Structures are given as structure tokens and as C-alpha cells.
Amino acid sequence: MRHEILAGAPATPTDVSLAGAGAAMPSYLEIEALWKVFGKFAALKGVSLTVKEGEFVCFLGPSGCGKTTLLRAIAGLDLQTQGTIRQGGRDISTLPPSKRDYGIVFQSYALFPNLTIERNIAFGLENAKRPKAEIQARVAELLDLVGLSAQAKKYPAQLSGGQQQRIALARAMAIAPGLLLLDEPLSALDAKVRVHLRHEIKELQRKLGVTTVMVTHDQEEALAMADRIVVMNHGVIEQVGTPTEVYRHPTTLFVADFIGETNKIPARVLANGRLASAGTELACAPHDIPVGSAVTAVIRPVDIIPHGTGARSPGAPDTVGTLENLVETAVVKMEFLGSFWRCRLTSPRFGDHVLVADLSINAVRRLRVAEGADMLIELPRDRVLVFAKEG
Amino acid sequence: MSAAPLALPTGPALRPQVAGDDIVKRGLMIVIMLYLLVTLAAPLYVLLSKSVSVYRFDLATFEIQRSDATGQNFSAPKTVAQLNAETGAIAPDQLEAGSDGRLSLTSLFKDFNFRSPVKYRLRGMDASASFLIGSELHRGPDWVELDSNMFRRVALRPATTTGLDNFITYFSTPSLTRAIWNSAIIGIITTGLVIVIAFGLAYAFNRSRMRGKGFFRLVTAIPILVPSLLPGIALVYLFGNQGLLKDVLMGHSIYGPIGIVIGSVFFTLPHALMIISTALATADARHYEAATSLGATKWRTFWTVTVPGARYGIISAAFVVFTLVVTDFGLPKVIGGQYNMLAVDIYKQVIGQQNFEMGAVVSVLLLVPAVAAFLVDRAVQSRQVSLLSARSVPYAPKPKTAFDWACFAYCTLVAIFILAMIGVCQLAASVKFWPYDLTPTLRNFRFDLMDGGGWAAYYNSITMALLTAIFGTGIVFVGAYMVEKSDGFHIGRALFHFLAMLPMAVPGMVLGLGYIFFFNNPANPLHAIYGTMAILVVCTISHFYTVSHLTALTALKQMDREFEAVAASLKQPFHRLFFRVTIPVCLPAVLDIAIYMFVNAMTTVSALVFLYSTQTQLASVAVLNMDDAGDIAPAAAMGMMIFYTNVAARLVHMVIARRLLARTQAWRYA
Amino acid sequence: MKSRLATIAAAAVATALAAATAYAETQLTVYTAVEAVDLDRYKATFEKANPDIKINWVRDSTGVMTAKLLAEKDNPQADVVWGIAATSLLLLKGEAMLEPYAPAGVEKLDKRFVDTSTPPSWTGMDAYVAAICFNTVEAQKLGIPAPKSWKDLTKPEYKGHVVMPNPNSSGTGFLDVSAWLQMFGEKDAWAFMDGLHQNIAAYTHSGSKPCKMAAAGETVIGVSFEFPGAKAKTAGAPIEIIFPSEGSGWEAEATAIIAGTANLDAAKKLVDFSVSKEANEMYNVGYAVIAYPGIAKPVENLPANVADHMIKNDFEWAATNRKAILTEWAKRYDAKSEPKT
């Protein structure tokens, strides 16, 4: 599979981001029961995963979760102990890197310091007995693609970090690989450049339609860029899903906790499927945890609906809340975080547990929320997720 | 979600399919590793085994018959051991022998008289038992009949076995063991002096704003460019009985410990200076600011900040200097007089007395302090790394007139010392007959009229140094690249690294002697290189491997770890990356290794003094041999030729470096 | 391009042919310790007489050449040794490394210069004779009289002014010691050396160095041999060459065939030449004492009667007792550090 850039945007579905890129697309990368063992330590414990053609997948997890190990196994840089990897239907499990088909971009850019930008990009093109003119044209095209045509004759050290990373991307794409591997490509850049380059890479990927796997520990980055996110922890995959899925519907406590802010409320399952927590009973999203089990109820700060001081907020539309799970709280502390207020709330019904709620500036003004004031909040039933307590 | 199995399924771990590149890389690494094994590990092993190889008279392997007074009627044969058991004539300690030991048998017969008509028959019991009649060698189980007069001239020859006898002999011979103390004392005194002098210089270079720093740096590097014999010769001219400054010694002789110490200070100074200067250069200005803000006096700051900050450098330098002094052979050979040092003892045992086994014993002893120093140095170096932090602020000295002038005066003194040593050699080399005829002449440069190999030796040295620089740099750099930038093969890489570090702990004399034992063995298929230029080049590369290897490694470590992965992903063979990126980027280090190898190949004596042949005499060895033969002025002249050659090589290195770097390192200055 | 290739090919063929012709000559590998300046002369003279034989010299000091020969015991590289100390050759003989051969004309040589076995394993060329090099300028400055005998050297006025070679590393040093032992008898010889040791400023590694040190004024008295003394005097050094009254030890430089040589015939021709009158005249250029009696001419700066000073030297005794003598010497004098001046 080769992506022809010259042909402009290939037949990529216009709306790939929502439902997972091309649900109809065939699978391109298949990973099956991958193990990587270093002595007694297992970095990957039987990981299986399928990436579809043209999809942008992010491996997300804390450091040491195995995401980089997995990427390097795909690249053939660190051979897995056991397991199979197929790319485009071909078993590449034990192939050396040079026999695989991918381009790779590292956090360090790994640009050759003694070669000019154009020589760097041409590095992968030069041995294939290509005519010089063709190489030049291709380099020019790639430089144009990353918007750095003016820098062709410069050395990497003369470019900014963001520019260097774009050159690294161009170099990786020069040989039109079937798979693009990005190993924390933005981690070395400062925040503004990072956000900017995030979109640029995503745009480029969409334009070229190249199947892409990116490793990151930055959830925002993953949420913003990925078609699907693979959340990993301790060598296993916790959840695979679109950004909305992993954010809205985390399937494990780890995912819920790792992605976004959460309030974790210890609770017990009641006979009716509802939860008992400290002095209160809560309705919650459907679950299949046996009655009597100790569980952790999770709700995100942004999902908490404020109803003003002591009563349901008068002007609020009916659609907001179902008036279930109403809790009287006291506002202990407020912190202004630019686009919203982070409020710390306590309630006798939750014992000494502190709830965190993120309220819009608008809501705070409207409901006159202030430190020391009382506030009635609603924990919408479908946003109260229940997970079995971890052993 | 994840239905992952909790245990690794049984079954063999996957093995990677090997790419052509990996085979080439691994092959290269194995080739270089074999090279190190053959040129380093094997000779050392043979040397060690030689030190426990013992010559001993095996009396049980000889049989004697004796006739009656008529010269007829021989008695039943008895072994010499039986006879000795009866008479006790040969004491047990007489049975230990060197390789050329000889044992007379007449003492076995109390009534022996060379005029008596009694006849004797003698034979060896096996094919290896041998004895001399006069100086004729006899061997094997055929009876030899001798009259009494001839029997007087019989001497048994020893047989070879294994044991610690050589070491026992060594330690029970005070004239030999004395050398251990002598070496240790000289080593300690010199180390103390050099560290103080070098620290002063380093302090002036890094902590003052004195004038002429560049000049002083150049001058203090000079001793590296000459063989260690040259300061010895210089000292003869300066402080010898006809010396210019003879009176300074107040009647003490320069031949002996005084000469060795002064000469050792000269040739080890640059080594210590480099290490300590690096340690001081990396000092963190923040510590000084802290000390100043706390109101510490300068003196207190010096002892609480400066010295502790450089302590690892100082320790490291001390061990390097100690090892250099103890293992150097040229200087004590020239100026040592009767003051025995271990390294000279190896030479005396091997060349003077052909006692290879005892030479091996002294080698093993010399190995002990060198290995110990090496281990301590490694330990210290590994700790030093943690001292440097990325946030350190370089210290910039402020001008202080009095202090700067004091530094200047101090450096001037040291510079005068170094230049005087070199200058006096040049002077002595240019006059007719020191001190009686001071007419200028070039006669002392007519090396062809002297022992030592003549001008051919000089050209041999240049050839050898060039070959060493070219092949050495190639082997070292490729080896370091394979160790640093290849994957897997962990045991092999660890072994390789060990082998690469080994030469640091092996004194040249020891290496050279090991080479004799290993290569000068007709059973060795590599015997053919013995006596050729090849063995000199091979030995020199091995001798100076470690520092070169570390230089290459440091340069390679600064390269992004992912270059190889990127190149592989771009389907580029490793050699393309190697030649297009690795070599150009590491070119400064490559050139440094080449000049290091060249200069050392020009000046080294210790290993090669055992290995050169008539066709491959060398300039540095010629200095030694001419001095040895008493032709001191020509020796000084040859030493100066080496010096000028090395200076020229340095200049060429600079020019090449400038030009090549301008081409390949443009990115650094961009 | 083509023509150039042809030229190269032609040149290669020519070289190969030349090599083949050269191969018809016999190449002899000859180990020697003869002075470097003499080598070309010896080679030229021999090759003129034997145009079909070529000499390839391998030269170094006696100690090194002996070590080399012994090290190569099981796989000798040399065909012939020409100009190595007889004592060293006796060591080789003791290892059965020499091919016995009586060269044509050997009967004309002084018997002292021929191995006692029949046929002899080695034949002598010339001798170097122990002598004292005495720096007159320095002696005058210090007010030291010239010594006349070995025993004079133990006198207190020479304290710190005598340099001699260390017998453990120098063949000359050993010939001195072995001569003293033969001349004075064991007991007296060691007593003499004890006394001498008190006066020694340094023991050198090389045999000619004491004389060169005396020539350079580094010492007043150098115990050495006559040849470097004569050379230094010619070069302008203010020295006298003194032959002590008791007589002098000496060493023969000798020739021998290495057993097992592939070029035995050529080797024999070389040894034949080495004992010839012509060859002895050639040795006489540098050496006052030569093996061929009656033809020696005086050498510049040396007395005509050098040979008269030579003691009766028993090489076999020296070789057999070498080890014991050296051990005893080292025990007595090596253990002490440099004597105080």
C-alpha cells in the first residue's frame, strides 16, 4: 500500500474522526497476543490489537505502561518475546526493521546534523537508483507539504524544534511508507508549538491517509489527534475506543481516572442496582456488579450540574438534569482556571469526601456561587459510572 | 476489557530474522573481537603460563653405570636420583634451574678423580632427558661411555614442569625484590610532585586571567611528543658529571632515583595536567557564589570548594601518573644507574640474561599495580559523571593583577623546565664532542654510522606510526561503533568492552613479552608476522587501544540513539549511515584518535623493544640502543627527530582538521 | 588506456623474470652483532668473492641476538651467525643449534679461536680485549693518577670514578668478571670485586658505554674494551686506553652454521670465507687482534701488542659456570642501590 501525495487527497471518508476512521476500512495492522519479557518483568502481557487502514491510533498511558515497547515491537526495533504482528496481511513478527514498511519520527527528531534539510529528506530516496531530478522533485514536494520550502539549504540546528520535527515527519514520509510511527513526537516542544503541530500532523495524516500509530503520555494530545485511543497500563490494554468513548464511557476505573479529572466516591451496590455511599443513596448508570459489592462511583467534575443555592436553578432548561441524585453541598474553595471555576464541595452526606466540580464562568455568575455558600448539585445518573473496587 | 492471558504462553522466545546488515555488523564485531583476543588476551595468557613454567633437574630420568678400577665390569645401572638418595650430594635447592641450568655429576661419587681409570656410562631414560658433555648436547636412551676426565665435563640439563618456583626464587632474591620497593617509592614521590605541579598549572589555566595561556598550554603538552628516554638524556646533559647545572645537585648523582623522579615528572606532567584541568574547568560557578555570599575567605573557599570539586580528577590523575611511572622502561634505563625498577628488570632478565621465565614473573608483578590502578580509576571515573549537572554555570575568573602575575611566573618556571630539557638535547645533538669540542656539526645526525638502525629506523618509525594511525583508527572506530550502535548480542558486547578496556591495565613491557611468547612460537599460525612491521603495528594498536576506544565511544554516545532506527526504517544499509553521517559527525574524534596513535607509535619503546627486528628497527628504540651503546649525542639527535616529526604531525593534523572540519562540520558553526 | 595496461603487464612480466633470475642466487640469512659501520664492507667483500650468494644481515647487540637465537631454538630463522660472541655460540652449541663444520683453512687459525670439538662448531674471527678507558682531562682536574693494573682500581682515590658494565646484561661485563675469576682464582677475584664495587659509580647495561662515558667526561675510568676507546680517541676524546698489567679478559667474535639450514653449501662457503686470510685482513680494519696469526697490522690509537695482554680464556668453563657466576655477582652487588659518591 502506497499513498500517492501527488494525487491530492485520496479517497478518504470526509468524516473519519467520529465513528472511528473508516469503520468500513479493512484492518491494516494486526497484533496478536504480544508478550515482551525482560528477565522477570513483563512489559507487555499478551497484547492484541487491530488498527484499520488509514486510522490514526494513539497509545496512551503512564510511563512504563508498555506503549513504547509496543511501538518498538511494531517497528522491529525491540523484538517481542512472543506474539504475532501482521501489517497489510504480511506477517512481520520477526522481520528486521529494514524489511518492514514504516516511517518513524522520534521525540528527539533524530535529524542528521551534518546534512542539510533537503539532504535529510532525501536520505531515504537516494539509494533506489532514482533519477536525481525525481528525488529533487519529491523533496520539494515534501518540503512544501510541511511548509518549510524556504529552509531547504539550512542545517537542522538552524531550525526551531517544531520545524525540525516537521522535517523529521517529511523524511519519514519520503519513502511513502504504509505505516507511520510517531514516538512522543511533540514531547520535546513547548506548549504552544505543541498544540499547533498537533493539528498540523493530524491534517497531514488525514490528507495522506497513512495508517498512523502514535505513542504519547499526554491525554489531551491523544484526545485531540486520535481516531482511536489505546489506553494501556502495566503491559495490558485497558480500553480501545474513540476519544469520546474513552472519555465518556471508560470501561475501567484506570481509564476513567487516567483520562480527565474524576471524583471517586466509595460506595456499595444496593439490591435495586443503586448505590449506597456514606449517608446517601445514588442512582447510577447501568452496570452488572453483584449486589453488596464494594465499588467506586466515578463522576467527572464537568458532569456535575449546579442548581444554585439550596434550590434548583430557576432559569435552567428542563433538559438539564433529571432532579435525581441531588446533593446539598457547601463550597469550600474556588479556584479560577481561566475558562472555568474549579470548586471544592463538601457534604455531610458524603462524609468528609471532597467533591470537585468544574463550573462554567457563566454558571458561577448566574448562580452566585461563592466560597462559603451552600449549593445544591445534581449528579446525573448516566454520568455516575460504577467500577468494581480494585483488589 | 482486556482478556489478556495472565501468564506468558510456554514456547520458545521469538528469534529475529537477521537482516544482511546485522550479519555484517555482527561479523565485523566478531572479527575485531577476535583481533583483540589474539593480539591481547592470548599473549597475556601465554605470558602468565610462562611465569609458572619451571626448569628443574629431574634426576630420576638419568641412569649411570660405573666401572671398576680396570675400566671394565660396569655396575648395575642406577638412576641419578637413587645415587643422590645414597649420597645426598645434590641439595634439593640445586635442582631448581633456569632455562640454561647445568648440573655436574662428579659430586655423586666421593672418590671421584679425573685421572682415575674408572669409566662411566650415562643415559637419559626418555627422549627428552638431555645432558651436555663439554658443550655437546646428548639426548635419549642410548648409553654414552665416558672416561673419568670426560665425565668431569658432563652436565645435566633441566626439564620443564609447572610450578610457582619462579615466584619463590624471585621473592627469595633480594636484588630482585628490591625493585618492587624502588618502583613503589619512585611512583609515590613522582605522583605527589606531579599532582602538585599539575594542579598549580591547571589552577592558573582555569582560575586566572594571566597572559600567554595558549603558549603555556602548548609548551606543557610538549613532553607527550617525545619518548620518555629523552628527558633522561636531557638530565645527563643538565646534571651529569659534565652537566651544565651539575652543582645544583650538591654532589648527588643524577644517575638514580633523583634522575628518575625528575624525568618522570617531565613526561607524566601533561597527562596529569589534562585530567586535573578538565576537572577544574567543569567547576560550577554557583558554588563559588555561594561561598562568597557566605563570607568564606579565599583560602577557605579553595579548600572547601576548589579542591573537593576537583578531587576525582586528582585521584584519577594520581593513578594514571603512578601507573605511567611504575611501568615506564625507557627513562630508568637511561638515567636509573643501579637503581633497579621493575620495568627495567624485565628487560634485564629477557635481553641481558635470556631468562624469559623470570621476565614473565616480573611482568606478572608489574601487572598487579597497573591493574589495581586501573580498577580504582574506573571506579572514580564512574562516580565523577554524577558530579556534572546540566544546570552548572561555568566559572569565569575575574582579573586579579597580583594573582595573575603569580600564576604567570609559576607557569613560566614550568615552561622553562620543559623547554630547557628539550633545548639541551637539541644543543648536545648539534655539537661535535660534548663537552670538549663544541663546534657545531650535523655529525650526530649521521645515524647510519651508529648502532640502532640508522636513518632506516627513523623511516620505519614513520611508516609504522602511519600504519598504526590508519589501521588503528579504523579498527578502533568500527569496533566502538559496533559496540555502541548494534542491538542484541549482549554477552559479545560486554566481552568486547572488557577486551577494549584491558590494554589500559597492561604495561607495554608485559604486552611485548607476551607477544614474544605467543607469536614467536612456530606452532602458531600467526608466527609469520613475527619480526615484521605487522607485529609492531598490531602491538602498538593494542597497546593504545583503550584511550582511543573511549574517545570513539564518547563521540558516538553523543550521536542520537535513533539514527540507526531511522536509517533502517528508510531502508538504508548501515554503512550508508556510517559513511554519510556517523563518520562526518565524529570526524573530530576520528582525527584525534589518529594523531594520538601516530604520536604514541613514534615515541613508544616499552612493548616494541622486544619485537623489532633488524629490518624493522625503530627510531624510539634506536634512541635507547644508541644511548645504551654510549652514543648519547646521536641518541639525543634521534630523540629530537622524533620530536620534530611529532610536531609536524600535529601541524598536519591541525591543517587537515581545519579543512575537513570546514567541509564536514559546517553545521556546527551554522 | 589499453597501451598503458600493456605497459604495466610488460613491467610485471619483467619483474617476475628478474625475480626468477635473482632466485638463482642463494640468499643467506646471517645473524650478526658486528658494528653497524662494518656490515656493508663485510658484505661487499664476501659477495665479491662469492657472486652467487647474497647476505641478508640481521643485526643487533650481542645480548639481543643471543636472546633471539635462543628464542628461535625450535624454528631457527638464521642460516649462519657471523660475528657473535663465542660464549654466546657455546650456549647455542649446548642447545645443539650449531652444525659442526671444519672450514677449509681452519688449521691456520690461532687455536684459541677455534672450538675444541672436532669438527669445530664455531670458528673465531677476531677478539675484543678488556681495557680501561681513562679520561686524562677529568683526571687532571681531580688529580687522579692513571691506573696501571686491575687491582689499582680498588684504590680509594678512584672512589666514584669507575664505571663498568653489568655482567648480567653485558657480555663485556661478563668477560671481565670471568677473566678476573680465571686470573685471580675465585676467592681473590671476589675480594677484588668487593673492593672495586666500593669505587664503582655506575654499572652500565652496555659494554662499550663505560668507555664512551669516559670519553665524554661523564666518568674518569670506564672498564670496557679497546675498540670503542680507539674510536673515541680518533673522534677527539681526551682518553688513554690502558691494558692492565695482570692481563685482560677477551672474547672472540665467531662464525657458525645454524643446524638445519636449508642452504648448507652456501653457509659452508661463508664460513670458509670467514676464516680466510682476506677476511681476517678485513677484520683487522677495526680489530687489533684477529684469528689469523701473523698478518695483523696495528690499529690507530691502539698498541701493536694488544694480543699479548690476552689471558688464556676457557670459554667452556665460562659457559658452564655462567649461571652461577652471574647469580653470585647479582647477590653481592645488585642488591645494593647505587653506591654513594
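Quick notes on the rules
- Residues numbered from 1 in each chain as written.
- Chains lettered and ligands numbered in written order.
- Predicted model: local features only at pLDDT ≥ 70, side-chain atom pairs only at ≥ 80, totals over all residues.
- Heavy atoms only, no water.
- Domains from an automatic or database assignment.
- Buried area = accessible area lost by both parts, 1.4 Å probe.
- Salt bridge = Lys/Arg side-chain N within 4 Å of Asp/Glu carboxyl O.
- Polar contact = N/O pair within 3.5 Å; in protein donor to acceptor, adjacent residues only side chain to side chain.
- Helix = DSSP H or I, 4+ residues; strand = E, 2+ residues; numbered from the N terminus.
- Nonpolar A, V, L, I, M, F, W, Y, C, P; charged D, E, K, R; others polar.
- Disulfide = S-S within 2.5 Å.
- Buried < 20%, exposed > 50% of the residue type's maximum accessible area, 1.4 Å probe, protein only.
- Pairing = 2+ DSSP bridges.
- Phe/Tyr/Trp six-rings, centres within 6.5 Å; stacked < 30°, edge-to-face > 60°.
- Lys NZ or Arg CZ within 6 Å of the ring centre and 35° of its normal.

(A) Broad picture of the domain arrangement of chain C. Residue and element names in this part refer to chain C. Here the domain parsing of chain C yields domain 1 (24–127 + 250–303) and domain 2 (130–249 + 317–334). Distance between the C-alpha centres of domain 1 and domain 2: 27 Å. Counting the surface domain 1 buries against domain 2, the share from its top three residues, W250, N301 and L302, is 39%. If you look at where domain 1 meets domain 2, you find 0 salt bridges. Taken together, the connections running from domain 1 to domain 2 amount to 2 residue pairs in polar contact (both at pLDDT 80 or more). Looking at the side of domain 1 that touches domain 2, the elements with two or more residues in it are α4 (86–94) and β10 (250–258). With 3 residues, the top contributor of residues to the side of domain 1 that touches domain 2 is α4. Within the side of domain 1 that touches domain 2, the residues separate by chemical class into 7 nonpolar, 3 polar and 3 charged.

(B) Representation of the state of the cysteines within the structure. Residue and element names in this part refer to chain C. For the structure on display, the rule yields 1 disulfide over all chains. Each sulfur in the disulfide pair C133 and C211 lies 2.0 Å from the other. Taking the sign of the S-S torsion, -85 degrees for the link of C133 and C211, the bridge is left-handed. Taken together, the positions of C133 in strand β5 (residues 123–135) and C211 in helix α8 (residues 209–215) put the pair 78 residues apart, joining distant regions of the chain. Given the relative accessible area of 0%, C211 is considered buried.

(C) Fine view of the pairing of strand β4 (residues 82–87) of chain A. Residues and elements named next belong to chain A. As judged from the 5 bridges shared by strand β1 (residues 27–38) and β4, these two strands associate in the antiparallel manner. Each residue of the ladder has a partner; that of I31, found in β4, is I85. Counted along the chain from β4 to the antiparallel partner strand β5 (residues 90–91), the turn is 2 residues long, and its residue G88 has a positive phi close to 55 degrees.

(D) The packing of aromatic side chains, seen in detail. Scanning the entire structure with this criterion turns up 55 aromatic pairs over all chains. For the pair W299(B) and F302(B), a centre-to-centre distance of 6.0 Å together with 15 degrees between the ring planes defines the contact as stacked. Here F302(B) and W299(B) lie together in helix α10 (residues 298–309), a separation of 3 residues that amounts to about one turn. Residue W299(B) is classed as exposed on the basis of its relative accessible area, which comes to 62%. Pairing W455(B) with Y458(B) gives two aromatic rings, centres 5.5 Å apart and planes at 90 degrees, and the pair type is edge-to-face. One end of the pair is W455(B) and the other is Y458(B), both in helix α16 (residues 454–485) and 3 residues apart, which spans about a single turn. Owing to a relative accessible area of 22%, W455(B) belongs among the partly exposed residues under this scheme. Three or more aromatic residues joined by ring pairs form one cluster here, namely F199(B), Y203(B), W299(B), F302(B), W303(B) and F403(B). Over the ring of Y247(A) we find R300(A); its NZ or CZ atom is 4.2 Å from the centre of that ring. Over the aromatic face of F403(B) sits the side chain of K400(B), whose NZ or CZ is 4.9 Å from the ring centroid.

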